[in-house]
Each structure stands twice: as structure tokens, then as C-alpha cells.
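Descriptive structure summary
These are the residues of each chain, in order.
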Amino acid sequence: MARKKIALIGGGQIGGVLAQLIGARQLGDVVLFDIVEDLPQGKTLDIAEAAAVDNFDVSVTGTNNYKDIAGSDLVIITAGLPRKPGMSRDDLLSTNAKIMKNVAENVREFAPNAIVIIISNPLDAMVTLFKKVSGFPANRVMGQAGVLDSSRFATFIAWELGVSVKDVNAMVLGGHGDTMVPLIRYANVNGIPVMEMLERKYKDKTKAKEVMTAMVERTKMAGGEVVKLLKTGSAFYSPASSATAMAESILLDEKRLLPTCALLNGEFGVNGYYAGVPAVLGANGVERVVELSLDAEEQSLFDNSVNAVKKLVEDMARLGF
Ligand code: APR
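Residues numbered from 1 in each chain as written. Predicted model: local features only at pLDDT ≥ 70, side-chain atom pairs only at ≥ 80, totals over all residues. Heavy atoms only, no water.

**Some details on the sheet that holds strand 7 (residues 168-169)**
- One open sheet holds the 3 strands; their spatial order is 7-10-11, and the pairing between them is antiparallel. In the strand order of this sheet, the two ends are held by strand 7 and strand 11 (192-193), each with one partner.
- Pairing of strand 10 (residues 188-189) with strand 11, which is carried by 2 bridges, proceeds in the antiparallel orientation. Paired with N188 across the strands is P193, a residue of strand 11. (Pairing = 2+ DSSP bridges. Helix = DSSP H or I, 4+ residues; strand = E, 2+ residues; numbered from the N terminus.)

Pasting the structure below:
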């Protein structure tokens, strides 16, 4: 079987970690693209020189020329500016839309058969724009947000309950903004509802609810918490790990069910918009969206989050994209 080829568009913080993770896991040959001269070449030379110690023999190379992404099976896009302290993801809209349009035109030209995962923010709008400009089918255009938001939620639950994060299942749906929806009712530790464990821990339903609310709020603001500490950029290790999990599921046809920013066609009552939902990821990209029953409150939070995505898409249209 021929080796897979993975193009990473954007060789900044996330792009660099992605190149290292994907190379070390030998998911395929990696090409890192950036517009800054020498940056992707320098980063990939550094990564490739660790191959002898990390024991991988896929190639990891850098380029400033889109021709080098030809034949890619998978493209992961991080091109665009990250947040600075005090900014919301939505503040990046006009700058990053311009960049995304250019990236989409080039991916359409040079890697027309690739499956594409987008990480650039504001995520839901950037995925929508990429889909529109590239004309790629919906199963080949998705965004990474939910895997990371869910991982953050699971981490806070594990810390709170003093259990291994490996046993925590937690999912966050909706748009990748302040309105995202961590699903409390479905969160569990090896099948045991997290709320039940909290109630046993605190022997007080009100206190248990307060603790859960605090974890939900921290999850929603977790990206901003990192931005505030880093001061010069936004999270990069965890987004790179999250996109690598999606890439692995696609390249190895694992069919993992992962929260994915996918185009909705009536699922969850939404038509024609991208939002974070559970999806099966395999060799054909987003192979299907999986629905689950939401109670009235969950559905209303989800609708509210999708409304925020709609507004962002409208703002983007007003900007001419
Ligand atoms: N084409 C390709 N790459 C570009 C372009 C472009 N038109 N414009 C900018 N870039 C590159 C920059 O040169 C930079 O190396 O994108 C890279 C972005 O890297 P960082 O600034 O380090 O940002 P990073 O932390 O990797 O985040 C990238 O992902 O999570 C989101 O909000 C985050 O939108 C941001 C993106």
C-alpha cells in the first residue's frame, strides 16, 4: 500500500506540533506549507533530524510552494492569525477569511481529491468558507473543535473526581465559540453518570450542580484561559493532538465517533450550516453524522449555539466572502 501524504497548511505553532505528531506516528509523508520563507523548511528539518531517535522513516519536509502538496490524501489547515489576550475567536473573522479564501483556492487547484480538516478560527465560519470556495463535497470538509473542547471537559471532570481521564467520556457539541454546549447528561466515567458521582461526592444535589456548572463554564472559556496565560498566541499542543486523532481515524479508516464540525442536512433540526456534532470519521471523511436525543434545554442551548454560527456566516457574507 502506498504511503499516505498529508499536507499541513500553516507552519506556525499548531502546524509545527502537527508535523511532529503525524511524523512520529508514521501516518504518512508530511509536507508543511507556510508563506513565510524558510520557516516550514527549518521546522521540518528540525523534526526530521529526530527521526533516528523517534524511529520514524516517513518524510517530513517544508515548502513555500503549493505545487508540493500535489497528491495529498489529507490536508490540515491552521493558516491564519491566533487570538491575543482579550480577543474572541470571532474577532479574527476578516483577517482569517482572506487567508482561508486563498488557501482554499490553492488546495482546490493542487490537492483536489484531499479530505480537509480545518483548525483556523473562527472555526465554523472558516469551514463554511473553505467548503464554498473549494466546492468539495461535504464529507471531505470538516473542522476540528469538538475533540479539543471535549478533551478539555473530560480533563476537568477527571481532576474533579480523582479518576483517570482515560475512563471519562464527555462530549461538547455546537459551534466553537462561547456558546458551545458541553453535554452534562451524557458525561460519564466508564458508564457511570458524572452527575451521580458528583452527588455521591458532595452528598448535596445543589453543590454537585454548582461544581458541574463551574466545569462547563471553564470548558467554554478554556481557550481564552490559555490565551491569557500565553499572552502571545493561543493553545497549540492540544489542538494539534485533537486534529491528529481525527487524521488517524480517517487515514486508518478507524471509524471513530468523534465530535466534528460537519455540515448538517436536517440533523439536529439544522439545514445547511456547519456545527459540532458526533460523526463517524473514516476513509471517506465524515461518513455519517450521528444524532442523539437532546432534551428541551439541551436543544435550546444547541440552537442558540447554531444561531451564533449563522450570525458569523452572515457577518462573513457582509464582508464579501
Ligand atoms: N497561507 C498560508 N499560511 C499562512 C497564511 C497564508 N495566506 N497567512 C498566514 N499563514 C501562516 C503564518 O505564517 C503562521 O506561520 O499561518 C501560521 C499560523 O501560525 P500561528 O500564528 O503560530 O498560529 P497557531 O497557533 O498555529 O494557530 C493557527 O488555528 O486555533 C487556530 O485561532 C488559531 O486561527 C488560528 C490558527
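**Structural notes on the site of the ligand**
- Close contacts around the ligand come from 21 residues, with Q13, I14, D34, T78 and L81 the closest.
- A distance of 3.4 Å is found between an oxygen atom of the ligand and a backbone nitrogen or oxygen belonging to G80.
- Isolated, the ligand exposes 730 Å² of accessible area, and the fraction of that covered by the protein chains is 87%.
- Here the ligand is seated within the largest pocket. (Near = heavy atom within 4 Å. Polar contact = N/O pair within 3.5 Å; in protein donor to acceptor, adjacent residues only side chain to side chain. Areas by Shrake-Rupley, 256 points an atom, 1.4 Å probe, with all protein chains shown as cover. 1 Å grid on protein atoms, 1.4 Å probe; cavity = no way out; pocket = protein on both sides within 12 Å on 5 of 7 lines; lining within 4 Å. Sits in = over half its atoms within 2 Å of the grid points.)

**Points about empty space enclosed by the protein**
- Under the definition given, this model contains 1 cavity of 30 Å³ or more.
- Each pocket or cavity is described by its volume, and for the largest cavity that value is around 60 Å³.
- Of all elements in the fold, only helix 5 (123-134), helix 6 (146-161), strand 8 (172-173) and strand 12 (256-265) reach the threshold of two or more residues within the lining of the largest cavity. (Points joined across faces, edges and corners; volume = space filled by probe spheres on them.)

**Digging into the domain arrangement of the protein**
- Domain boundaries assigned for the protein yield domain 1 (5-144) and domain 2 (145-321).
- Computed over C-alpha atoms only, the centres of domain 1 and domain 2 are separated by 22 Å.
- Contacts between the two partners involve 42 residues from domain 1, matched on the other side by 49 residues from domain 2.
- When the two sides are added together, the surface that domain 1 and domain 2 hide from each other amounts to roughly 3,700 Å², 72% of it contributed by carbon and sulfur.
- Ranking the residues of domain 1 by area buried against domain 2 places R89, D124 and Q144 at the top, with a combined share of 19%.
- Here domain 1 and domain 2 share 9 residue pairs in polar contact (both at pLDDT 80 or more) between them.
- Within the residue set of the side of domain 1 that touches domain 2, elements represented by two or more residues are helix 1 (13-24), strand 4 (74-77), helix 4 (93-110), strand 5 (115-118), helix 5 and strand 6 (141-143).
- In terms of residue count, helix 5 provides more of the side of domain 1 that touches domain 2 than any other element does, 9 residues in total.
- Among the residues making up the side of domain 1 that touches domain 2, the classes are represented as 25 nonpolar, 7 polar and 10 charged. (Domains from an automatic or database assignment. Contact = heavy atoms within 4.5 Å. Buried area = accessible area lost by both parts, 1.4 Å probe. Nonpolar A, V, L, I, M, F, W, Y, C, P; charged D, E, K, R; others polar.)

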